[in-house]
Amino acid sequence: MTKKNKFRSSNWYNSKDHKRDTFVHRGWMRNQGHPNHLFDGRPVIGICNTWSELTPCNGHFREIAESVKKGVYEAGGFPLEFPVFSASESNLRPTAMLFRNLASMDVEEAIRGNPIDGVVLLMGCDKTTPSLLMGAASVDLPTIGVSGGPMLNGHHRGETIGSGTGVWRLDADLSAGKITEDDFIEAEISMSRSKGNCMTMGTASTMGSMVEALGMSLPHNAAIPAVDARRYSLAYMSGKRIVDMVKENLIMSKIVNKKSFENAIKVNGAIGGSTNAVIHLAAIAGRLEIDLKLSDWEKCGKDIPTLVNLQPSGKYLMEDFYYAGGVPVVIKRLIEKNLLNNDSLTANGKTIFENNKNAKCWNDDVIKNFEKPLVNDGGIKILRGNIAPDGAIIKPSAATPELMKHKGKAVVFESVEEFHEKIDDPNLDVDQNSILVLKNCGPKGYPGMAEVGNMRLPQKLLKRGIKDMIRISDARMSGTAYGTVILHTAPEAAIKGPLAAVQNNDMIEIDVERGTMNVLLDDSIIKSRLKNYEPILPEIKSGYQKMYIDHVTQADTGADLDFLVGKRGSEVKRHSH
Ligand code: FES
């Protein structure tokens, strides 16, 4: 095979059979000043960019893209940056999750439809990471991830404050009358004082760590701060590496397999990662046609201690995590206990073992060891029972140990609107042993499965100093949130899952260690209540949201659209010039 016909992009730029097509494809590109020799059959590298001023966590991505380009040029490739839908966690309403699948479609079609041989995914804010991985997985070209990196630690009035986690605390303090509205506003810029994504171990940093654990990036991808020169060096080296990945035909499915997902689940437990990882990893696996189930979280997450002492489970922030050694140290500690699949391949062509075996820890309080972990049994736990036949999840490292086994009276809210209306009603029949239950906030019910599962506690209990209660819903919660919060209950109430049958004053029994969650009712009562149950469904008759509601799958299978699951490859069958 000659150099000119070696790569996919040659079908656009070097076709001998379709000279007119070639003229159009090359000629129009030349208007950007690209010299002729860049079209000589060298690897064309797409830089898939989620930059947007409306996604502040990714606001520095044009600069990161420039570093990637330098690396691509140095390795003899031709970099071309392109924008895709950028799902901003902080701005998009009703919830960014509603648009994760839409963004993944954009990514998939943009990669497949263009003359791209390999792709660099620039991702950061929560949903931008899974949406890019999902879209790229369905095409399955050589692919490398570059995260944008976390913000520097927040500093406010002599204390460090973490993105999200600090907001929940400040909000509770405001509700309890401990701080003023002005104090609350002053904390904003103190928290978000540099470029980058949330610097707690929220969903963004968790997903950055998952990218690293899956082998989809160079080591240290997750933790280098967004403004640290080493972030730009990593981007440069990733640009250099993707050119070789194209030459080696190292496509995404050669790196990511079931064993890499097992590694990622274990790393998630050890970092005290976000509950959202459960849903995103399921969706990414679905695109790669890998059978990843909630039972894999049970199997692989079992007995994994949380080592990383970061908010919301612990004390520190991502900047501290990087200086302590970052994800490589966590991986090394898992390797030392024989807990990882050591031979899993990574983007640099080495195994996860080779990359991380010599990692050094520089601060044992930030990254603890197995002998003195932050939480002994920290992985995500799966609960099942007559409320959640297809499962629900809880993150024990962010919960109150005393509530891990509990029986309490349900206080039910049929919708998030009803919750807001009633939660601070002084006459609400609730005490600290009650269990708050929120319905109709699942994938179809909200729609988009909002991050409302960490319901605020009633003001009257907050004022009495109550800090945590059990909360159950079919919603998600922010990765930066904490508390004894049971999420993703499946099937959801809006499709008459049994959560819908729970009513005020029903007794609910939870046992996290045994993995059970039941309402103490006869099956016949549950059935008859469900028969008469009227779900509160969103009134959406057209547009993307209608398609989403009609096709979204349940939380336990990743909440992808049913027709997007699987690989569709990179071949384009027809073209038009
Ligand atoms: Fe973007 Fe948290 S809001 S990462």
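Residues numbered from 1 in each chain as written. Predicted model: local features only at pLDDT ≥ 70, side-chain atom pairs only at ≥ 80, totals over all residues. Heavy atoms only, no water.

### Things to note about the confidence of the model for the chain
Interpreting fine coordinate detail is not advised for predicted regions of low pLDDT.
Right, so step 1: The share of residues in the chain with pLDDT of 70 or more is 99%, and the mean pLDDT across the chain is 95.
Right, so step 2: pLDDT under 50 marks residues 1-5. Its contacts with residues more than four places away, or in other chains, come to 10 contacts. (pLDDT = per-residue confidence, 0-100. Contact = heavy atoms within 4.5 Å.)

### Here's the deal with the packing of aromatic side chains
Right, so step 1: Evaluated as defined, the whole model comprises 7 aromatic pairs.
Right, so step 2: Look at Phe85 and Phe99: their rings are 5.9 Å apart centre to centre, the planes differ by 25°, and that puts the pair in the stacked class. Pair noted here: Phe85 is in the loop between strand 2 (78-83) and helix 4 (100-113) and Phe99 is in the loop between strand 2 and helix 4, with a separation of 14 residues, a long-range link.
Right, so step 3: Its relative accessible area of 11% is what places Phe99 among the buried residues.
Right, so step 4: A network of ring pairs unites the aromatic residues Phe85, Phe99, Tyr544 and Tyr548 as a single cluster.
Right, so step 5: Against the face of Trp51 rests Arg62, its NZ or CZ located 5.3 Å from the ring centre.
Right, so step 6: The ring of Tyr482 has Arg169 lying over it, and the distance from NZ or CZ to the ring centre is 4.7 Å. (Phe/Tyr/Trp six-rings, centres within 6.5 Å; stacked < 30°, edge-to-face > 60°. Helix = DSSP H or I, 4+ residues; strand = E, 2+ residues; numbered from the N terminus. Buried < 20%, exposed > 50% of the residue type's maximum accessible area, 1.4 Å probe, protein only. Lys NZ or Arg CZ within 6 Å of the ring centre and 35° of its normal.)

### Some thoughts on the pairing of strand 3 (residues 118-123)
Regular strands place side chains that alternate from one sheet face to the opposite one.
Right, so step 1: Within strand 3, 6 of the 6 residues are buried, leaving the element largely enclosed by the surrounding structure.
Right, so step 2: Of the two faces of strand 3, the one holding Gly118, Val120 and Leu122 and the one holding Val119, Leu121 and Met123 are both buried throughout.
Right, so step 3: Pairing analysis gives 5 bridges linking strand 3 to strand 4 (residues 143-147), with the strands arranged parallel. The residue bridging Leu121 from the neighbouring strand is Gly145, located in strand 4.
Right, so step 4: In this fold, strand 3 hands off to helix 5 (residues 128-139), which returns the chain to strand 4; that crossover is right-handed. (Pairing = 2+ DSSP bridges. Right-handed = clockwise from strand over helix to strand, strands pointing away.)

### Some details on the sheet that holds strand 2
Right, so step 1: Strand order in the open sheet formed by 4 strands is 2-1-3-4, with parallel pairing between adjacent strands. Unpaired on one side and paired on the other, strand 2 and strand 4 mark the two borders of the sheet. Strand-to-strand twist in this sheet, taken as the mean axis angle between neighbours without regard to direction, amounts to 20°.
Right, so step 2: Relative to strand 3, strand 1 (residues 44-49) runs parallel, the two being bridged by 5 bridges. The residue of strand 3 that forms the bridge with Asn49 is Leu122. (Axes fitted to C-alpha atoms, helices over the stretch in contact; angles between N-to-C directions.)

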